[in-house]
Amino acid sequence: MKRVLIIAIAFLAFSCKKQEAIPAEKQAEPTTTEAAPSEGMPVEVQTPEQLGESIFKGKGTCVSCHKTDSKLIGPSLQDIAKMYKEKNGNIITFLKGESKPIVDPAQYALMQPNIVLTKTMTDEELKGLEAYVYSNLK
Ligand code: HEC
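These figures come from a predicted structure and were not determined experimentally.

Each value, and the rule that gives it
Counting starts from 1 at the beginning of each chain's written sequence and moves along it residue by residue. Local features in this predicted model are restricted to residues of pLDDT 70 or higher, and side-chain atom pairs are both shown and tallied only at a pLDDT of 80 or more, whereas totals for entire chains, interfaces and linings draw on every residue. By convention in this description, side-chain values take in all heavy atoms of the structure and omit both hydrogens and water. Every helix listed is a DSSP run of H or I at least four residues long, and every strand listed is a run of E at least two residues long, numbered separately from the N terminus. Each residue gets one of three labels from its accessible area relative to the maximum for its type: buried under 20%, exposed over 50%, partly exposed in between, using a 1.4 Å probe on protein chains only. Contacts between residues were defined by any pair of non-hydrogen atoms, one from each residue, lying within 4.5 Å. Computed with a 1.4 Å probe, the accessible areas rest on the Shrake-Rupley method; for each residue, only the protein chains presented here act as cover. Only a single heavy atom is needed: when it lies within 4 Å of a molecule or strand, its residue is near that molecule or strand. Pairs of N or O atoms are called polar contacts if they sit within 3.5 Å, as long as, within protein, a hydrogen donor faces a hydrogen acceptor (for residues adjacent in sequence, only side-chain-to-side-chain pairs). Three classes are used: nonpolar for Ala, Val, Leu, Ile, Met, Phe, Trp, Tyr, Cys and Pro, charged for Asp, Glu, Lys and Arg, and polar for all others, with Gly counted as polar. In this analysis an axis means a line fitted to C-alpha atoms, helices contributing only their contacting stretch, and an angle means the value between N-to-C directions, from 0 to 180 degrees. Working rule for angles: under 35 degrees goes down as roughly parallel, over 145 as roughly antiparallel, 65 to 115 as roughly perpendicular, anything else as oblique.

(A) Summary view of the overall build of the chain. Looking only at helices and strands, the chain has 7 helices and 0 strands in total. The proportion of buried residues among the 138 residues of the chain is 22%. In the chain, once contacts between residues fewer than 6 apart in sequence are set aside, the share between residues at least 24 apart is 49%. Of the roughly 10000 Å² that the chain leaves accessible, carbon and sulfur atoms contribute 61%.

See the structure below:
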């Protein structure tokens, strides 16, 4: 009797899960991510630094070449932040393609293709990236 009950409960739990999994997960997910306003909303509550970090690690793919504290393909974020602070540079104009590299100009050819992407970003996104780079300043 006990065993039957356990099997029945297990079966019930399983079938419930299964029912939930199909319509809820498979259907609700794409519709919520696709809804444009929900993408704009969190930006409002994000700080510029958080926005920058999400771009840096997300669609910007900057993280594939820039690490926080050591050189990868590009200079570390700490080095970039330090140099820009010292030289009073402007990261936003650099990312817009309007000012020259000051950190490692000899390697600029590797960074240049990214400017094509960052040029298309909004001022808010670029301010975010700048804030994120500076947040790594020691
Ligand atoms: C393919 C590798 C690569 C990717 C991806 C990349 N970078 Fe770079 N980045 C470099 C290299 C190499 C340098 C050093 C050359 C230079 O100073 O311009 C650099 C330099 C920089 C500098 C310093 C520029 C200066 O004044 O010298 C900034 C700021 C920067 N990157 C930001 C970014 C951001 C933001 C992203 C993402 C949108 C990004 N990078 C993506 C390779 C990359």
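Having put the structure on the table, let's press on.
(B) View of unusual backbone geometry. The phi dihedral of Thr61 is positive, around 50°, even though this residue is not glycine. We classify Thr61 as partly exposed; its relative accessible area is 46%. Here Asn88, not a glycine, exhibits a phi torsion of approximately 55°, which is positive. Assignment of secondary structure puts Asn88 in the loop between α4 (77-86) and α5 (91-95).

(C) Just the site of the ligand, in detail. Around the ligand lies a shell of 24 residues, among which Cys62, Cys65, His66, Tyr84 and Met111 are the nearest. At 2.7 Å, a backbone N or O of Ile102 approaches an oxygen atom of the ligand. Note that an oxygen atom of the ligand is positioned 3.0 Å from one of the backbone N or O atoms of Asp104. Every element with two or more residues in the shell around the ligand is listed here: α4, α5 and α6 (108-118). Among the elements that take part in the shell around the ligand, α6 stands out by supplying 5 residues, more than any other. Taken together, the residues that form the shell around the ligand break down as 15 nonpolar, 8 polar and 1 charged.

(D) Up close: the packing of α4 against helix α7 (residues 123-134). In the contact formed by α4 and α7, the axes pass within 8 Å of each other and the chain directions differ by 100°. As summarised for this structure, α4 and α7 are arranged roughly perpendicular, according to the angle between their axes. The segment α4 lies against α7, with Leu77, Ile80, Ala81, Tyr84 and Lys85 engaging Tyr132, Val133 and Tyr134.

(E) Seen up close, the side chain of Glu125. Examined against the element boundaries, Glu125 turns out to sit in helix α7. Overall, the relative accessible area of 15% leaves Glu125 in the buried class.

(F) Main features of the packing of helix α3 (residues 48-57) against α7. Viewed as axis vectors pointing N to C, α3 and α7 meet at an angle of 90°, and their least axial separation amounts to 7 Å. Considering their axes alone, α3 and α7 lie roughly perpendicular with respect to each other. Here Pro48, Glu49, Leu51, Gly52, Glu53, Ile55, Phe56 and Lys57 of α3 come into contact with α7, specifically with Glu124, Glu125, Gly128, Leu129, Ala131 and Tyr132. Looking at side-chain class alone, the contact of α3 with α7 contains 7 nonpolar, 2 polar and 5 charged residues.

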